[in-house]
Amino acid sequence: MAIPKERKAPIIERHFFPKGAPIIREGEKANCAYLILSGRVAVFTEKGEKRLDIAKLEAGEVVGEMALFNKVPRTASVEAVDHTNLMVLTRSVLVEKMRGTDPTIQAIFKMMMNRISAGNEAMTSQDDTIGTLASAINEMFLQAMDRLPEDKRVAFRKEVQP
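What counts and how
- Residues numbered from 1 in each chain as written.
- Predicted model: local features only at pLDDT ≥ 70, side-chain atom pairs only at ≥ 80, totals over all residues.
- Heavy atoms only, no water.
- Helix = DSSP H or I, 4+ residues; strand = E, 2+ residues; numbered from the N terminus.
- Pairing = 2+ DSSP bridges.
- Contact = heavy atoms within 4.5 Å.
- Axes fitted to C-alpha atoms, helices over the stretch in contact; angles between N-to-C directions.
- 1 Å grid on protein atoms, 1.4 Å probe; cavity = no way out; pocket = protein on both sides within 12 Å on 5 of 7 lines; lining within 4 Å.
- Points joined across faces, edges and corners; volume = space filled by probe spheres on them.
- Nonpolar A, V, L, I, M, F, W, Y, C, P; charged D, E, K, R; others polar.
- Phe/Tyr/Trp six-rings, centres within 6.5 Å; stacked < 30°, edge-to-face > 60°.
- Buried < 20%, exposed > 50% of the residue type's maximum accessible area, 1.4 Å probe, protein only.
- Lys NZ or Arg CZ within 6 Å of the ring centre and 35° of its normal.

## Some points on the environment of Leu142
Counting through the fold element by element, Leu142 comes out in helix H3 (residues 103-147). A sequence separation of 15 residues divides Leu142 from Arg157, and the C-alpha atoms of the two residues are 9.9 Å apart.

In structure tokens, the structure reads:
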């Protein structure tokens, strides 16, 4: 008996990534997302020399989906934390699955994807703000220390620093 055309499953492509291997690179063009079948991955972005971890994902979770729906370059990098097996989810498969979904669900999904994107952007830019604030506070601390007499510096340091 033949399977009706609308019920045929797409060919499932799988990939293995050893521990530490890059899976996705920030800025590259997106053509698929991945369902994590086994292992764990780290999602991160880099600002200059500094790495900002965004998430750790494991079996059953999907990674790389943001760029597929937003049609923008990858906004983060992903690497295997453990030996990891992934199933490829192409844009065409995801779009086809969304096409069969109720328009209300489609609208809610799009809104949620936009909010997640905005939250990720806020989180990655917040690191710069926190770093700048920490640097400013440290500079003020050092300036205050310089103005204190030698005998007061130890007590001031104990009082101010955690």
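What follows picks up the thread again.
## Digging into the sheet that holds strand E6 (residues 62-63)
Taken together, four strands build an open sheet; the order of strands is E1-E8-E3-E6 and the sheet is antiparallel. Looking at which strands have only one partner, the edges of the open sheet turn out to be strand E1 (14-17) and E6. Here strand E3 (residues 32-38) pairs with strand E8 (residues 84-90) via six bridges, running antiparallel. Note that in E8 the partner of Ser38 across the bridge is Asn85. Its contacts with the sheet place helix H2 (residues 91-99) against E3 and E8, and it is angled at close to 60 degrees to E8.

## Here's the deal with the layout of surface pockets
The calculated volume of the second largest pocket comes to roughly 270 Å³. At the level of elements, helix H1 (65-70), H2 and H3 are the ones that each hand at least two residues to the lining of the second largest pocket. Top element by residues in the lining of the second largest pocket is H3. It accounts for five residues. Considering only residue class, the lining of the second largest pocket consists of six nonpolar, three polar and four charged.

## Side note on the packing of aromatic side chains
Counting across every chain of the model gives one aromatic pair. Residues Phe17 and Tyr34 carry aromatic rings whose centres are separated by 6.4 Å and whose planes lie at 80 degrees to one another, so their mutual orientation is edge-to-face. Of the two residues, Phe17 sits in strand E1 while Tyr34 sits in strand E3, which places them 17 residues apart along the sequence. With respect to class, Phe17 is no different from Tyr34; both count as buried. If you follow Arg51 out to its NZ or CZ, it ends over the ring of Phe44, 3.7 Å from the centre.

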